[in-house]
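Structural overview
Residues per chain, in single letters:
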Amino acid sequence: ELDLVGVVRDTYAELRPIPCTSCEYCLPCPHGVAIPTNLNMYNDGYMYNTMDQAQKQYNGMDEEKRASQCTACKECEDKCPQSIVISEWMECISSTLK
């Protein structure tokens, strides 16, 4: 049974490229970016192959909360317990979902 749990965990991890747990330790962003929202929006689009829906959701967000507002100050990265390179993901999200 433990082997099956391991297989499911690994498969789930492959489907969600960003290991964000939405703990919100990265917040508040000094520039107002809704970091977990952006990360999860991208993950959901990737996981369910619905990037077009993620793009609509992203473009419907308040502009100041979008990944495109990230200045790569990396303040959030120092706080992230998952060691996510958030600034790089914000750039990826911004270019993918714009």
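Relevant structure appears above.
Across the interface, helix α2 (residues 35-47) lies against helix α5 (residues 86-97) with an axial gap of 10 Å and an inter-helix angle of 55°. The pairing of α2 with α5 is recorded here as oblique in orientation. In this structure, α2 meets α5 at a crossing whose hand is left-handed. Here I35, N38, L39, M41 and Y42 of α2 lie close against α5, whose contacting residues are I86, W89, M90, C92, I93, T96 and L97. Residue composition of the contact of α2 with α5, by class: 10 nonpolar, two polar and no charged.

Within the secondary structure, N43 sits in helix α2. Since its relative accessible area comes to 0%, N43 is described here as buried.

Mapped onto the elements of the fold, I84 is located in the loop between α4 (75-79) and α5. Using a relative accessible area of 5% as the deciding quantity, one classes I84 as buried. Through-space distance from the C-alpha of I84 to that of D62 is 24 Å; in sequence the pair is 22 residues apart. Setting aside chain neighbours within four positions, we find I84 in contact with I18, P19, C20, E77 and W89.

Looking at the element boundaries, L15 is found in helix α1 (residues 2-15). L15 sits in the partly exposed class, given a relative accessible area of 37%. For the pair formed by L15 and Y46, sequence separation is 31 residues and the distance between their alpha carbons is 7.2 Å. Sequence-distant contacts of L15, that is, excluding residues within four places in its chain, are made with N43, Y46 and M47.

A complete count under the given rule lists zero disulfides for this structure. Free cysteine: C20, not disulfide-bonded; nearest cysteine sulfur from C26 at 6.3 Å. Judged by relative accessible area, C20 falls into the buried class, the value being 15%. Of all cysteine sulfurs in the structure, the one in C23 sits closest to C80, which takes part in no disulfide; the separation is 6.2 Å.

Conventions and cut-offs
- Residues numbered from 1 in each chain as written.
- Predicted model: local features only at pLDDT ≥ 70, side-chain atom pairs only at ≥ 80, totals over all residues.
- Heavy atoms only, no water.
- Axes fitted to C-alpha atoms, helices over the stretch in contact; angles between N-to-C directions.
- Helix = DSSP H or I, 4+ residues; strand = E, 2+ residues; numbered from the N terminus.
- Parallel < 35°, antiparallel > 145°, perpendicular 65-115°, else oblique.
- Left-handed = near helix turned anticlockwise from the far one by under 90°.
- Contact = heavy atoms within 4.5 Å.
- Nonpolar A, V, L, I, M, F, W, Y, C, P; charged D, E, K, R; others polar.
- Buried < 20%, exposed > 50% of the residue type's maximum accessible area, 1.4 Å probe, protein only.
- Disulfide = S-S within 2.5 Å.

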